[in-house]
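In case you want the letters, here they are:
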Amino acid sequence: MLSSRLLTTLCAIAGDDGVIVRPHELRVYECDGYTLEKSAPDVVVLPRSTEQVSQILRLLDAEGIAFVPRGAGTGLSGGCLPLDAPVMIGTSRMKRIRSIDRVNRRAVVEAGVVNLSVSNAVKADGLLYAPDPSSQMACTIGGNVAENSGGPHTLKYGVTTNHVLGIELVLPSGEVVELGGAVEDVPGYDLTGLVVGSEGTFGIVTAATLRLIRQPEACTTLLAIFESVDDATATVSDIIAAGIVPAAIEMMDQLIVEAVEAAFRFGFPTDAGAVLIIELDGLAAGLPPQAEKITALCQTRRARSVRVARDDAERAALWKSRKRAFGAVGRLAPSYCTQDGVVPRTKLPEILQRILSIGRRYDLRIGNVFHAGDGNIHPILLFDERDEKQVERVLAAGREILEACVELGGSVTGEHGIGVEKIAQMPLLFSPDDLLIMSELRRVFDPHGRCNPGKIFPTPGACVETTRPHRRAAL
Amino acid sequence: MTPQDVGNDRSQIARRLHDALGNGVALYGEATRTFAIDGSAPAAVLYPATVANVRDCLAVASELSLGVVPVGNGTQLHLGHAPRSYDAALSLRSLRRVVAHETADMTVTVEAGCTLAELNARLSTNGQWLPLDPPCPEHTTVGALIATDAWGPSRFSQGKVRDLLIGISAVLADGRLIHGGGRVVKNVAGYDLMKLFTGSFGTLGVITEATFKVRPRPQVSSVLVCESPSMADAVDDAVEIIAAPLAPLYVTALNPTAASFLHLPSAAVCVGIGGSAAEVAVQEQRLQSLRAERSVVRHHGATATRLLNGLRDLPSYNASLGARISLLPTEMAALLRDVEERTQRDQLPTAIVAQVGSGVAHLRCGKRDGDAYDWAALGRWLRQCVAHTGGHVVFDRLPPDARGHLDPWGDAIPGFALMRGIKQKLDPRGILSPGRFVGKL
Ligand SMILES: Cc1cc2nc3c(=O)[nH]c(=O)nc-3n(C[C@H](O)[C@H](O)[C@H](O)COP(=O)(O)OP(=O)(O)OC[C@H]3O[C@@H](n4cnc5c(N)ncnc54)[C@H](O)[C@@H]3O)c2cc1C
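Residues numbered from 1 in each chain as written. Chains lettered and ligands numbered in written order. Predicted model: local features only at pLDDT ≥ 70, side-chain atom pairs only at ≥ 80, totals over all residues. Heavy atoms only, no water.

Go over the domain arrangement of chain B with me, naming the residues and quoting the values.
Residue and element names in this part refer to chain B. Here the domain parsing of chain B yields domain 1 (3-92 + 427-440), domain 2 (98-216) and domain 3 (219-410). In this structure, domain 1 and domain 3 have C-alpha centres spaced 36 Å apart. With nine residues of domain 1 in contact, the opposing surface of domain 3 contributes six residues. Taking both sides of the interface into account, the surface hidden between domain 1 and domain 3 amounts to around 780 Å²; carbon and sulfur atoms contribute 56%. (Domains from an automatic or database assignment. Contact = heavy atoms within 4.5 Å. Buried area = accessible area lost by both parts, 1.4 Å probe.)

Would you mind going over the domain arrangement of chain A in detail, with residue names and values included?
Residue and element names in this part refer to chain A. One can read the domain layout of chain A as domain 1 (1-215), domain 2 (218-327), domain 3 (333-421) and domain 4 (425-472). A C-alpha centroid distance of 22 Å is found between domain 2 and domain 3. With 18 residues of domain 2 at the contact, the number on the domain 3 side is 20 residues. Carbon and sulfur atoms supply 65% of the area buried between domain 2 and domain 3, which totals about 1600 Å² over both sides. Three residues, Met251, Leu255 and Phe326, lead the burial of domain 2 against domain 3; their summed loss comes to 35% of the area buried on that side. Taken together, domain 2 and domain 3 are joined by zero salt bridges. (Salt bridge = Lys/Arg side-chain N within 4 Å of Asp/Glu carboxyl O.)

An account of the packing of helix 8 (residues 229-241) of chain A against helix 13 (residues 348-361) of chain A is needed here, citing residue identities and associated values.
All names here are of chain A. One way to put it is that helix 8 packs onto helix 13 with a least axis distance of 8 Å and a crossing angle of 150°. Comparing their axes, helix 13 and helix 8 come out roughly antiparallel. Both helix 8 and helix 13 take part in a crossing whose hand is right-handed. Contacts between helix 8 and helix 13 involve Val229, Asp230, Thr233, Ala234 and Val236 from the former and Leu348, Pro349, Leu352 and Gln353 from the latter. (Axes fitted to C-alpha atoms, helices over the stretch in contact; angles between N-to-C directions. Helix = DSSP H or I, 4+ residues; strand = E, 2+ residues; numbered from the N terminus. Parallel < 35°, antiparallel > 145°, perpendicular 65-115°, else oblique. Left-handed = near helix turned anticlockwise from the far one by under 90°.)

Report on the sheet that holds strand 6 (residues 106-110) of chain A, specifying residues and quantitative values.
Residue and element names in this part refer to chain A. Spatially, the five strands line up as an open sheet ordered 5-6-10-8-9, and their pairing is antiparallel. With partners counted over all chains shown, the strands left at the sheet margins are strand 5 (97-101) and strand 9 (176-180), one partner each. Strand-to-strand twist of the sheet, defined as the mean angle between neighbouring strand axes without regard to direction, takes the value 10°. Bridge count for strand 5 against strand 6 is four bridges, and the pairing is antiparallel. Residue pairing in the sheet places Ile100 in a bridge with Ala107 of strand 6. (Pairing = 2+ DSSP bridges.)

Give a detailed account of the environment of Gly330 of chain A, specifying residues and quantitative values.
Residue and element names in this part refer to chain A. Checked against the element boundaries, Gly330 lands in the loop between helix 12 (325-329) and strand 16 (335-338). Its relative accessible area of 40% is what places Gly330 among the partly exposed residues. Gly330 sits 323 residues away from Leu7 along the chain, and the two C-alpha atoms are 38 Å apart. (Buried < 20%, exposed > 50% of the residue type's maximum accessible area, 1.4 Å probe, protein only.)

I'd love a proper account of the environment of Val195 of chain A, names of residues and values included.
Residue and element names in this part refer to chain A. Checked against the element boundaries, Val195 lands in helix 7 (residues 191-195). For Val195, a relative accessible area of 2% corresponds to the buried category. As a C-alpha pair, Val195 and Gly15 span 180 residues in sequence and 29 Å in three-dimensional space. When residues no more than four places from it in sequence are discounted, the contact partners of Val195 are Val145, Ile167, Leu169, Leu179, Phe202, Val205 and Phe445.

Which residues make up unusual backbone geometry, and what are the values?
Residues and elements named next belong to chain B. Positive phi values are uncommon outside glycine, yet Asp38 reaches one of about 55°. By the element assignment, Asp38 lies in the loop between strand 1 (25-28) and strand 2 (44-47). Phi at Ser433 is positive, roughly 40°, even though this residue is not glycine. Relative to the assigned elements, Ser433 resides in the segment after helix 15 (416-426).

An account of the interface of chain B and chain A is requested, with residue identities and associated values reported.
Opposite the 70 residues of chain B that make contact, chain A presents 79 residues. For the chain B and chain A pair, buried surface summed over both sides reaches about 5900 Å², with 62% attributable to carbon and sulfur atoms. It is Lys186, Val188 and Tyr191 of chain B that lose the most area in chain B upon contact with chain A, and together they represent 17% of the buried surface on that side. At the boundary of chain B with chain A, the tally comes to seven salt bridges. Among the ionic pairs, Glu415 of chain A bridges to Lys186 of chain B, the shortest N-O distance being 2.9 Å. For the pair chain B and chain A, the interface holds 24 residue pairs in polar contact (both at pLDDT 80 or more). (Polar contact = N/O pair within 3.5 Å; in protein donor to acceptor, adjacent residues only side chain to side chain.)

So this is what it looks like as structure tokens:
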């Protein structure tokens with residue numbers, strides 16, 4: 001338990017309304033979008049400025065107390081689950097867009113700024129912030145930086161790391177460091193690049209300098225309906241292999257289409273095996289030939305129909321259906337777990353077959369809605385959280401899917417991070433030396449291991465089997 | 001020459017390295033001159049034949065605290081401080097296989113000693129390329145490309161190494177082999193070691209293998225040369241072109257001296273256009289009408305290639321003082337105007353090549369006849385002007401007498417304590433490119 005003296009000091013720094021200690025209020029903070037493990041912090045602090053974050057971390061450093069950063073809590077790997085960290089530091093009151101430089105196409109925003117509000121702020125100027133996670137209406141830039149988040153349009157435009165030029169970071173010691181910045185090619189190691197994707201283990205990101213891009217002159221959105229998942233995934237490979245780089249290629253299988261259709265009534269055929277949403281953008285002159293080529297490729301794979309979104313409204317409706325698909329899944333089962341694996345794009349047909357058979361074997365319903373163009377799969381495992389046996393099966397099936405991804409030459413996470421969820425899978429990808437070096441890098445930023453402990457790395461010596469039951473106690 | 005000839009005090013070391021090299025080769029004497037840095041050559045040049053050789057060599061070097069500088073063909077050795085100790089250059093040139101080109105996945109895995117030209121020749125058979133166009137691709141090895149974070153005009157549209165590198169293997173100072181990333185285009189497992197090694201100047205490890213995303217080559221491409229009255233005008237024109245509804249591959253502004261090297265009559269903006277025939281045609285048309293009252297010359301085919309290669313190689317031209325300036329694009333015109341004024345006043349022939357959209361410019365200042373010139377003063381002045389706008393200057397060529405007075409990287413690097421911490425973790429004995437990088441890491 002934290003001392004009342006500490007709580008008083010936290011209140012003095014962040015204000016009484018910036019310190020949450022009541023158990024029923026803390027429940028909101030007991031997990032993120034990964035709900036299989038839960039554990040509430042003792043206190044949540046909501047600073048308003050970098051200076052306050054620095055003061056808080058100085059205090060915690062002096063007292064030797066561990067903490068966990070939190071943005072909007074939409075993470076899907078348990079990244080902000082408090083493990084041996086009594087203090088949670090939330091960025092929800094750090095929402096200022098500090099500056100926008102329209103000519104040089106840069107914005108400096110605080111960590112708590114919601115992803116979509118960056119694009120909204122520069123829309124009228126013909127600009128946008130490219131990384132567009134499906135959760136973009138809620139998730140924060142700080143969370144995006146921590147997870148190196150992607151989104152449908154990262155196929156063409158790249159993920160968060162390709163659009164972050166600088167970071168303001170408060171180290172666990174309380175020291176504020178400026179890494180990178182608005183000017184490119186800063187001499188020295190690319191610490192900005194190292195911090196992006198570090199899952200909140202290097203300190204608290206308080207602000208980021210973002211690159212903005214120009215809105216494309218034109219875009220064409222195609223909806224292709226397929227009889228089978230196989231045909232749809234094979235088409236994805238065909239498009240990439242043809243040297244076309246669409247802005248996005250997203251796939252939804254029948255289970256997801258049914259859920260989405262029930263929720264949003266877009267007009268998807270619920271008897272189709274799978275649909276692809278393919279978006280092309282760029283100069284208007286370049287689009288028609290590409291759309292024709294893609295249509296032909298779809299038809300070669302027996303597409304039932306390929307149609308072009310009529311207008312902006314229809315395009316928006318299509319994207320809304322896709323981006324809210326996870327939410328719509330809530331109608332299908334009391335609980336669901338979203339997995340996140342990657343395979344080389346040519347291996348998509350194979351991994352989807354494997355998922356199908358894994359689902360059968362574990363007697364689980366699994367839907368698929370994902371960033372197909374990148375080979376980034378998101379199988380959604382449906383279950384009932386109250387049934388211990390089902391939870392076991394979900395965990396085991398999830399593990400098997402990820403192992404299959406690695407076997408096919410891929411990775412266990414494309415954008416959601418390792419968090420607590422995939423710690424056990426790290427050794428599938430990395431040697432003990434790799435993991436040791438990464439842990440040592442972490443120590444450079446956080447010598448005492450007090451920033452988001454228990455994430456990303458397997459504890460040396462401790463085998464997974466022994467940590468699981470302890471964790472499950474928190475369910 | 002055999003190890004025994006090197007001299008008694010060294011023969012022990014040479015024997016150990018010789019054993020570590022296995023089937024690899026060690027060269028001594030004259031052959032080491034190619035890899036001289038700031039006038040001093042290493043005692044030996046090592047060409048390991050396998051990754052195991054690299055590991056064994058470094059394990060020996062680490063044990064004996066030998067200063068080792070990883071190199072490819074040694075084209076970029078003028079960058080950075082001279083090494084604190086330089087016992088051996090370790091060249092990866094014998095490790096040059098393309099390990100896997102997954103054409104349909106658009107990824108390639110390649111050993112570090114392969115040159116960019118060799119790699120792109122291989123990729124082009126499938127209509128693909130690694131879209132990096134730094135100077136001298138025939139000499140630039142993949143390892144050096146990553147370690148020096150080399151780039152060219154197309155960074156404006158294609159990004160830099162950091163945007164394309166998806167997996168890396170490197171041998172650390174003590175001989176341990178480590179990996180980051182993987183072979184898929186999207187992957188967030190573990191820390192991003194690719195970013196850490198990119199631009200690390202051989203101070204953290206010896207890069208042995210890399211995996212990149214590759215892209216389709218534009219079907220058609222051309223270069224449009226827009227003449228401008230002066231460098232500052234060329235930069236302003238470039239800013240206008242970047243704001244126009246075009247999607248250029250690069251927008252490079254040249255001052256009259258740089259332009260003359262490419263046989264162009266005046267300061268100019270070179271705009272690279274690429275894509276499908278339709279995309280190229282519409283952009284050419286738009287650019288012509290944007291610049292209706294001024295001359296625009298369109299080059300295609302072999303002349304376009306020659307021009308692009310010239311643009312690409314300009315920053316590698318020898319010079320008394322070479323500087324790489326980075327600042328915000330909007331600050332560029334005024335700064336470069338001042339630079340031109342000053343260098344003209346001082347009678348220094350100076351070529352300037354500016355990648356305006358990225359806010360980076362290369363400066364090559366030539367020799368001055370007759371009396372001595374205070375290069376350090378010029379360097380300090382330049383650094384001060386650029387710092388004033390929030391930018392940075394890295395000197396990639398310095399005359400010998402200025403070296404002691406100008407830090408090539410600049411002082412006061414933000415986050416330096418963290419960088420030092422990283423160096424200490426990965427290379428605690430400081431044997432890899434010792435003292436070469438920022439803050440003499
Ligand atoms: C419906 C839905 C759809 C999604 N779609 C996508 C998608 O398309 N692509 C994608 O990549 N992800 C997606 N996600 C996952 C999630 O939205 C992203 O990981 C997002 O970046 C998390 O942001 P957040 O603000 O919610 O962070 P949180 O969940 O609060 O935190 C995530 C991690 O970041 C750390 N963190 C947060 N803020 C900071 C900070 N300021 N400094 C340091 N560390 C910090 C936390 O400690 C934690 O480890 C989706 C999630 C949901 C629920």
